[in-house]
Each structure stands twice: as structure tokens, then as C-alpha cells.
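# Examination of the molecular architecture
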Amino acid sequence: MGDAKPGQGAPAQPLPQPAPTGSIVRPPVVDPQTPIVPDAIFDQSLPKLSEDINAPLEPLQSFDKPKTPAATTATAAKPEPAAPSAAEGQAFAPLGSVPAEMEAPLPSLAEFKVDPAAAPVDDDSENAPAIRYTTAVTGLDKLRLEDRFEDLSALFQGKGKAANAAMVAARAREDEKLALRLMRSLGYYDGTATSLIEQTPPNSGSVRATIAVTPGTLYRLGTVRIESGATVPPGLLDRELNLNPGDPIQADRVLGAEANVSLRLPQQGYPFVEVGQRDILLDDATHTGDYTLPVTLGPRASFGSVQTAGARQVFDVDHINIFRRYREGAIYDSRKVDDLRQALIATGLFSTVAVEPKRTGEAGPDGTEKVDLLVTQLAGKPRTLAGELGYSTGQGIKLQASWTHRNLFPPEGALTVSSILGTQEQALTTTFRRSNAGMRDRTLLVIASLNHADYDAFESYTTTLSARISRDSTPIWQKRWTYYYGAELVGSNEDRYNFNLGKRDRGTWLIAAIPTFLGYDTSDDLLNPTRGYRIKANASAETSVRGSVRPYARTMVEVDGYYPVASNIVLAGRARFGSINGVSRDELPPSRRYYSGGGGSVRGFGYQELGPRSPDGRAVGGRSFNEFGIEARYRFGNYGIVPFLDAGQVYEGVMPTGRNLRFGAGIGGRLYTNFGPLRIDVATPIARKKNESKIALYISIGQAF
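A brief report on the enclosed structure follows. (Residues numbered from 1 in each chain as written. Predicted model: local features only at pLDDT ≥ 70, side-chain atom pairs only at ≥ 80, totals over all residues. Heavy atoms only, no water.)

## Points about the overall build of the protein
Threshold: The way it works is that DSSP assigns letters per residue, a run of H or I at least four long becomes a helix, a run of E at least two long becomes a strand, and they are numbered from the N terminus. Summary of the burial criterion: residues with accessible area below 20% of their type's maximum are buried, those above 50% are exposed, and those between are partly exposed, where the area comes from a 1.4 Å probe applied to protein chains only. A 1.4 Å probe and the Shrake-Rupley method give the accessible areas. Residues count as covered only by the protein chains that appear here.
The helix and strand inventory of the protein stands at nine helices and 27 strands. Counting the 705 residues in the protein, one finds 34% classified as buried. A total of about 40,900 Å² of accessible surface is found on the protein, and carbon and sulfur atoms cover 57% of it.

## Structural notes on helix α7 (residues 251–264)
Our working rule: To estimate the expected span of a helix, count its residues, drop one, and scale the result by 1.5 Å. What the arc measures is the spread of directions leading from the helix axis to the C-beta atoms. The contact criterion used is simple: two residues touch if any of their non-hydrogen atoms lie within 4.5 Å.
Spanning 14 residues, α7 covers 20 Å between terminal C-alpha atoms, matching the ideal 20 Å at 1.5 Å per step. Residues V254, A257, E258 and V261 constitute the buried set of α7. Buried residues of α7, seen end-on, are gathered within an arc of 90 degrees and therefore sit on one face of the element. Buried residues in α7 make contact with α6 (236–241), β6 (274–275) and β8 (288–296).

## Structural notes on unusual backbone geometry
In terms of backbone geometry, most residues other than glycine have negative phi values and most peptide bonds are trans. Here the bond from V232 into P233 is cis, since omega is 0 degrees, no more than 30 degrees from zero. Relative to the helices and strands, P233 is located in the loop between β5 (220–227) and α6. Note the cis peptide between P410 and P411, where omega equals -5 degrees. Counting through the fold element by element, P411 comes out in the loop between β13 (396–405) and β14 (413–422). If you check the backbone angles, H287 has positive phi at about 55 degrees while not being a glycine. Position of H287 relative to the elements: it lies in the loop between β7 (279–283) and β8. Positive phi outside glycine occurs at Q608, with the angle close to 60 degrees. Turning to its location among the elements, Q608 is positioned in the loop between β22 (569–581) and β23 (624–636). Since its relative accessible area comes to 8%, Q608 is described here as buried.

## Some points on the sheet that holds strand β2 (residues 161–162)
As a reminder, the rule being used: Paired strands, as defined in this entry, are two strands with at least two bridges between them according to DSSP. Here the axes come from fitting lines to C-alpha atoms, over the contacting stretch only for helices, and the angles between their N-to-C directions go from 0 to 180 degrees.
Across the sheet, which stays open at both edges, the four strands sit in the order β2-β1-β4-β3 with mixed pairing between neighbours. The open sheet has two edge strands with one neighbour each: β2 and β3 (192–199). Sheet topology note: the β3/strand β4 (residues 206–214) ladder contains eight bridges and is antiparallel. Opposite A193, over in β4, you have V213 as the bridge partner. Lying on the sheet, helix α5 (residues 165–185) is in contact with β1 (131–138), β2, β3 and β4; it crosses β3 at an angle near 160 degrees.

## Observations concerning the packing of aromatic side chains
Here a ring pair, both rings aromatic, is described through the centre-centre distance and the interplanar angle of the planes. Selection rule: Here a Phe, Tyr or Trp ring, Trp counted by its six-membered ring, pairs with any other such ring whose centre lies within 6.5 Å, and the pair is stacked when the planes are under 30 degrees apart, edge-to-face when over 60, and tilted otherwise. Only when the NZ atom of a Lys or the CZ atom of an Arg is both within 6 Å of the ring centre and within 35 degrees of the ring normal do we say a charge sits over the ring.
Taken as a whole, this structure holds 19 aromatic pairs when the rule is applied. With 6.2 Å between their ring centres and 45 degrees between their planes, Y520 and Y533 make a pair best called tilted. Placement of the pair is Y520 in strand β19 (residues 503–521) and Y533 in strand β20 (residues 532–546), with a sequence separation of 13 residues. Of the residues examined, Y533 reaches a relative accessible area of 37% and is grouped as partly exposed. Clustering of aromatic rings is evident, with ring pairs tying together Y455, F458, Y595 and Y607. Sitting over the face of the ring of W509, R546 holds its NZ or CZ atom 4.6 Å from the ring centroid. Stacked on the ring of Y672, the Lys or Arg R635 has its end atom at 4.0 Å from the ring centre.

## Describing the sheet that holds strand β9 (residues 301–312)
If you walk across this open sheet you meet the three strands as β9-β11-β10, and the pairing is mixed. Pairing within the sheet leaves two strands with one partner each, and these edge strands are β9 and β10 (350–363). Across the sheet, the mean angle from the axis of one strand to that of its neighbour is 20 degrees, orientation sign disregarded. On top of the sheet, helix α9 (residues 334–346) reaches β9, β10 and β11 (369–379); it is set at about 150 degrees to β10, its chief contact.

## Remarks on the side chain of S449
By the secondary structure assignment, S449 is in strand β16 (residues 443–454). The class of S449 is buried, set by a relative accessible area of 16%. Here S449 is in contact with L428, T429, T462, T463 and T464, once residues within four sequence places are set aside.

## A short note on α5
How we decide: Any N or O atom pair separated by 3.5 Å or less is treated as a polar contact, with the protein-specific requirement of one donor-capable and one acceptor-capable atom, and with residues adjacent in sequence counted only for side-chain atom pairs.
Helix length check: α5, at 21 residues, gives a terminal C-alpha distance of 30 Å against a target of 30 Å (1.5 Å per residue), a fit within 8%. Within α5, the full set of buried residues consists of V168, R171, A172, D175, E176, L178, A179, L182, M183 and S185. Where α5 begins, one side-chain oxygen reaches toward the backbone nitrogen of A166, 3.2 Å away; that side chain belongs to N164. G187 occupies a position one or two residues after α5 and carries a positive phi of about 100 degrees.

## Comments concerning the pattern of salt bridges
Let me state the cut-off plainly: The term salt bridge refers to a side-chain nitrogen of Lys or Arg lying within 4 Å of a carboxyl oxygen of Asp or Glu.
Under the counting rule described, the total for this entry stands at 39 salt bridges. Between E240 and R264 there is a salt bridge, and its shortest N-O distance comes to 3.4 Å. Here R264 lies in helix α7 and E240 lies in helix α6, a separation of 24 residues in the sequence. Among the residues examined, E240 registers a relative accessible area of 8% and is labelled buried. We note a salt bridge from E328 to R324, for which the minimum N-O separation is 3.5 Å.

## A look at a nonpolar patch on the surface
Our working definition: Put simply, a patch holds well-exposed residues, over 30% relative accessible area, that have no salt bridge, with like charges counted together within 9 Å and Val, Leu, Ile, Met, Phe, Trp or Tyr side chains within 5 Å.
Together, L389, Y391, I397, L399, L421, I680, V682, I695 and I699 give the surface a local cluster of nonpolar side chains, amounting to about 790 Å² of exposed area. Listed by contribution, the elements that provide at least two residues to the nonpolar patch are β12 (383–392), β13 and β26 (676–685). With respect to the secondary-structure elements, I680 resides in strand β26.

Shown next as C-alpha cells:
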């Protein structure tokens, strides 16, 4: 068989031999005029095409692969390629051959692996970024947008770390869009933002991303038009929208104005107002925008009646009417509706409750339409188990637990059974409470209790039956004025130091009292006030009977004040005074005398530790007292530190003299929760005397005052 000729599948020259070491390799010389494949063979290998350009395509199944060009007479005797030698390397594949891998079917998509490639790993850290970068922003300082930009920026959120420069560039492009949005929110619609990524210094691997901002010209309102019907009074929409020609087209300003319309019109008789989609037509020649706002007013309304709905209703219409602070026929005011909803929530008897206006189509006064209020009720769980644990050096441990059914005697008739287990006190109390009794915010309270107290000053076994009517504050509905008045009947067996006999003895007293209270509160929070003040006054006309009747009067006044000296520091102060008139100290039952000292009084001293003492060294109480306290409440997050100074004294006379004041100082910690602060105070007496506490510890819920 003859050798293949040049241009017919064989190389024009013999394959080059490996060059000797150190020699220069030159490519073989090939005649450029000699074709690699002759034209006839090339044309023959092309598939035949139909001359009809509108003919349908052949199906893929019948499509034939082009065959290997047939050998010409000259190439019919093509020799088998010789096996390559180690010196020659691999031989060239013959023309027209297809590797077996190319003819194999593709794998199914289900078998395709989609796991991402492993990120480059640093030698020192497993997930360390490949580069670090710095960010610079220019132009936003003039608009005071730098802080908002940094809070939202992709570059700043990346904290200067990225896998590669492409990631930095992508973040920069996002920040360009952010800068444009921020500028447009202030009315700069022609503003531009560009980013530049560069190495600083060159070839250092450290990248600097720069966002350059040019605000352009501020756009202002041209015309302001509200598409709506007439209002009563006229011009109501213009006044509440309060957007005027010449105002900057600022997003916050425009959104706030539209929200004000949605808020204020329902307060002035339009419960069904709907604010449509605004339209602002910008003119880049005058840098103004014509503003149009469609508003659907709905009917002007007046209050109608109350309706109820719901699968598990708590109150009927008559009881709900007690909560209303509006009269039927008055112009509709959404604030009155919110007040009704708030009062219903404050009862604690609902899982969910909704109050919504409902059109009736009935004519009301002054051309209005009557609107009923639909109260949708879903009763919540009426029973509550509660517990409280406290400790103080003077009183020891006190554990309180209670069970309450909040609606055992509908409507709002609650029964509470509570107990106290403590180192010095044990008690069992049953309380009936009727909330909103006959009128809103009025409470009827009936209490029966058994109590045993074993204090340093006295030991008593007491039975109490009392009733009172009150107006109280709650965390949901804090009131400016509060009060109570009632009656109390007490039977108590107590021990005392009898100065006539020179020893301790026991006696039984029957006590009748008419207690009253009046409070005025301007503070901003019931459990954790930071500003304002409170004034409290108690007065009780009482009579004690032990052999003879001895009437007397007990009075007490307290003033608390709160002043924020900084955003996180509140200065709080308290002054309290008490007096008993009409009876000598020794004729008073020990439990009705005044005492001072302890966690709610003068910290640093034990419970009831201050004041006159009997020859056996125990406190005997007095007919008057005064107490003072000041503390600085420093809060950081949900925690707080409170240094404090307290002072006080108990006197045998009727009026407190302010002499011989005793001082206690200490520091406390606070944990602020959603139900009030948890308090831990540690204090010590100043100029401590013999047998007085060295360190006093108090743990409870709520501030000291």
C-alpha cells in the first residue's frame, strides 16, 4: 500500500523527532498553497439541502450524521497509523472520527450536581475573605443623609470584607441605587451617584470603594390639588393635608401629610374616608411637581347605638354602654371609639375585641348619617394563677400566691383567693371585686381575711372584714385622679409592752374604721415613672374598743416626684408624713401605730426598726413619723443601677418634729421587664447603733416609690 499524499489526511512532512536537549526547535516548512482537504472532498461531505426554502425541516430522528469523506483512488490504500512511540507522543486522530465520549448520551438533569464550588479558604481562617476594602461617600453630607446611608448601605453592612473585587463592585452598584432613592426622598430627582473601585495603594490587594453623589436641584411643589367632595366645615381637607406650593417634595413630608388626613378626618365626623394614590407630575425645566390627591370622603357621621357580635360574648349592650364617653347623636370621633376599645381591653376578659363603625343609612342630626358601633367579642380565659416571691432582711421571705376568676359573677364580678406564706407573716384572704360597678372606672371591693403577723414590734392574730368603693389606676388606663372610701371592721389579738406593768401582755381589740384616700398623679408611667409627680392623702376615722371606746383619726400625706436629668437618668424623690390624733400611744393597738424602716420605707434598717423602743429593746411604734428618699435611676437597655439615700424617724408625739433623723444609703439593681422592674437593693445604716442591721437586702417587684 502506498503512503498517503499530502493534502489527503497525511502530514506534508514526516512528524518531527524530539529535539536534543538544548537545541532550538523550528516548525516544519509547509507549502501555503497546498490545501489540507481538497475542495471536491469537502463539497461531497456537506449534507444535501432542499432547494425549496418553504419545505419543513427534517425530523431529528431521520437526520444522518455526515459520513467520513470517502477515500479517493489515491487514498484507498491508506495505511494504518503506526503506534506512537515514546519519542513521537500521541498520533493525530484521523479526520472525520468522533470520540466515543461525544457520542455518549447526556446525563439526566436529576443526576446533575448543583453544589456550589468551595469558596477559597485562607490558611489562617476557614471562612476568611479574600480581600478587605474601605468605603468612602462624598456629597451626602450636604443633605444630612450620611447616617441613613450607612444604616442601609450594602458596603457598610459588609464590614469591609468580601470574597473578591467583583463582590465589592456589586455592592457599590446597589449603593448607587440607594443613594438615588435617598436623594429622591428629599426632592432631589436629578441627583446622580457613581461608584469607583480602585486599589489603594496600587497592587496592594486593598480595595477602596467610593460613592460620589451629586444632588442636583431641589424640586418643589407647583400646584396642590385635592380631588374630593365638599367637607363640613369647608377647607377641612386643605387644612389637614397642609401641603403648599413651594414646599420641597420630600417623601416623609408628603406621606406624613396624607397620614394626617387619614387620622384627623375620622376624628371630625368622617369614619369612612379613603385616601387614594397620589400623582406628582415633575417638570425638569422648572424643577417643580404638580401634586394631585384623590380622597373619597364617605358620609359625614354621628354616633348611633352599640351592637354586639361574636361566638363567645362577654358583655351585653347595656354593660358596654357604661364604658362610652360620648352621647348618641354627637359628631363621630374616632378618639372616642379608641377610648371605648381601650376600656374593654382593660377589663382583661377578652381574647380579642374589636370596635368598628357600621353604616345604617339612617339620617342623623345636622345632615349626618347615623353610624352604629359594632363590638365583636371573643371571651378569653377567665382564670388566673399568680405568684410573687420577695425577700428583705427585716421581714425575711414572703411568698404570695393567688387564684382569680375574673368573671365568676357577670358582669365583671371577680373572686380572688390569695395567701401569704412568709417568715413573719401568714395570711388567707378572699376578695370579691366588681369592676365598672354602675359606672365606668368605679370598683366595689369586699374583703375578708385572716392574718398572723410576728414582727419585732408585736405579734397579732387578726380578722378583717372590709368594703370600699374606689377609682383606681391600671397599667393600661392610668388616671389623673384616684380615690376610695369604705368601712372596715377588725378584731385583733395582739401583744404589747405595757409600760404601766413594766412587762409585755396580750389584749384583744375591736376596731371600726372609715378609711378614705385621694390621689393626684401626673407621672408618665404607673410602674416605672420618669417624669411628673404624685400626691397621696389618707385619712381614717377610727374607734378602738378594749374596755372603753377611744375614737381617733389617722392621717398621712405623701409626695413623690420624678425628673429626667438625662435621657437615661431619672432623679426621683419622696417625702411622707403621718399623724394620729385623739388617743395616747399606749392606748392604741400596736398594729394601728406608725412604724418606719424597711424596703418600702427607710432602706438600710430592718422592718419597723426605727423609733422609740421598750425596755426589752423592741420597737413600740408612735403617733407620728416622717420619711424622705432620693435616688438616681440610671438605665442602660433592660438593666439599671440606682444609688439612693433614705431618711426617717418615728415619734411618740402627735406631730413629726424632724429631729433625730436616721439615714440609710445603698445601691440597687434593676431588671426592666414588660410587667415592671425587678428590684434588688442593698443598703446600710449611716452612724449605725448597737443591734441595728449592718446590711439590709430587699428583693421585690416595682420601684421603691
